[in-house]
Amino acid sequence: MTLEAEVEALRKVPLFHGIDETKLRLLAFISDRTEYPAGERLCSQGEEGDCAFIILSGDADVLVETPEGEKKVAQVSENSIVGEIAILCDVPRTATLVAATNMDVLTVSKDDFLKLLKEFPDISLEVMRTLALRLERTTRDLADARRGAGAG
């Protein structure tokens, strides 16, 4: 995949939707491209997060520990970013990510991502806006789930 194709892929990631092409090009340049075969673990719940994963192709299962063992709670695919919370906050990974198919992934390190945010505050604003929208949607979904649980 060329740098141009990586920039085009980054443009499709909602977290980077409002970021101009020059900065997306810089993000692609500082990222590492990695291929993961199906079944390989990208990260594990509880470990320190030192990078975020931008999925260029393929699918990954999101697993969380339960008293009965690991349970699949979601699947992420092309144009998704995973692990961004761990690189923005010093919190352990909240889930395990396992390649469900062969995957092509851009990996951006915590240090490089934070340097990019400091250098270009407009990227920080776009990231905050997107994360705030996600938080609002999650809060709304939780409220709906509680209302549904109370009604049943």
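Attention in this report is confined to the structure presented alongside it. (Residues numbered from 1 in each chain as written. Predicted model: local features only at pLDDT ≥ 70, side-chain atom pairs only at ≥ 80, totals over all residues. Heavy atoms only, no water.)

**Things to note about a nonpolar patch on the surface**
So, point 1. A surface patch of nonpolar side chains, amounting to about 280 Å² of accessible area, comprises Leu3, Leu26 and Phe29.
So, point 2. Structurally, phenylalanine 29 can be placed in helix H2 (residues 21-30).
So, point 3. In this structure phenylalanine 29 comes out as exposed when scored by relative accessible area, which is 64%. (Patch = residues over 30% accessible without salt bridge, like charges linked within 9 Å, V, L, I, M, F, W, Y side chains within 5 Å. Areas by Shrake-Rupley, 256 points an atom, 1.4 Å probe, with all protein chains shown as cover. Salt bridge = Lys/Arg side-chain N within 4 Å of Asp/Glu carboxyl O. Helix = DSSP H or I, 4+ residues; strand = E, 2+ residues; numbered from the N terminus. Buried < 20%, exposed > 50% of the residue type's maximum accessible area, 1.4 Å probe, protein only.)

**A short note on the nonpolar core**
So, point 1. One finds Leu10, Phe16, Leu27, Ile54, Ile81 and Phe113 to be the most contacted residues of the largest nonpolar core, which totals 22 residues.
So, point 2. Among the secondary structure elements, those contributing two or more residues to this core are helix H1 (3-11), H2, strand E3 (51-57), strand E8 (103-109), helix H4 (110-119) and helix H5 (121-151).
So, point 3. In this structure, Tyr36, Ile55, Val82 and Val105 belong to the second largest nonpolar core, which totals 15 residues. (Core = buried A, V, L, I, M, F, W, Y, C linked by side-chain atoms within 4.5 Å.)

**Focus on the packing of aromatic side chains**
Pairs of aromatic rings are described using the distance from one ring centre to the other and the angle between the two planes.
So, point 1. One pass over the structure, following the stated rule, counts one aromatic pair.
So, point 2. Where phenylalanine 16 meets phenylalanine 113, the ring centres are 6.5 Å apart and the plane angle is 65 degrees; that geometry is what we call edge-to-face. Highlighted residues: phenylalanine 16 in the loop between H1 and H2 and phenylalanine 113 in helix H4, separated in sequence by 97 residues.
So, point 3. Accessibility expressed as a relative area gives 2% for phenylalanine 113, which makes it buried. (Phe/Tyr/Trp six-rings, centres within 6.5 Å; stacked < 30°, edge-to-face > 60°.)

**Focus: H1**
So, point 1. Listing the buried residues of H1 in full gives Glu6, Val7, Ala9 and Leu10. Projected down its long axis, H1 shows its buried positions confined to an angular sector of 160 degrees, all on one face.
So, point 2. Buried residues belonging to H1 abut H2, strand E1 (32-36), E3 and E8. (Arc of directions from axis to C-beta. Contact = heavy atoms within 4.5 Å.)

**Topic: a negative patch on the surface**
So, point 1. On the surface, Glu47, Glu48, Asp50 and Asp111 cluster together to form a negatively charged patch.
So, point 2. Residue placement: aspartate 50 occurs in the loop between strand E2 (41-43) and E3. (Lys, Arg positive; Asp, Glu negative; His and termini not counted. Charge placed at Lys NZ, Arg CZ, Asp CG, Glu CD.)

**Examining the pattern of salt bridges**
So, point 1. Evaluated as defined, the whole model comprises 14 salt bridges.
So, point 2. Between glutamate 21 and arginine 11 there is a salt bridge, and its shortest N-O distance comes to 3.4 Å. Note that glutamate 21 is positioned in helix H2 and arginine 11 in helix H1, a separation of 10 residues in sequence.
So, point 3. In this structure, aspartate 61 and lysine 72 form a salt bridge, with 3.3 Å as the shortest nitrogen-oxygen distance. You can see aspartate 61 sitting in strand E4 (residues 60-66) and its partner lysine 72 sitting in strand E5 (residues 69-76), a full 11 residues away along the chain.
So, point 4. Each of Glu4, Glu8, Arg11, Glu21 and Arg25 takes part in salt bridges that share partners, so that together they form one network.

**With respect to the layout of surface pockets**
So, point 1. When its volume is computed, the largest pocket comes out at roughly 400 Å³.
So, point 2. Along the walls of the largest pocket sit 17 residues, with Val82, Gly83, Glu84, Ile85 and Thr94 positioned nearest its centre.
So, point 3. When residues of the lining of the largest pocket are traced back to their parent elements, those giving at least two are strand E6 (81-82), helix H3 (84-88) and strand E7 (96-99).
So, point 4. Among the elements that line the lining of the largest pocket, the one with the most residues is H3, at three residues.
So, point 5. Of the residues in the lining of the largest pocket, the class split is 11 nonpolar, three polar and three charged. (1 Å grid on protein atoms, 1.4 Å probe; cavity = no way out; pocket = protein on both sides within 12 Å on 5 of 7 lines; lining within 4 Å. Points joined across faces, edges and corners; volume = space filled by probe spheres on them. Nonpolar A, V, L, I, M, F, W, Y, C, P; charged D, E, K, R; others polar.)

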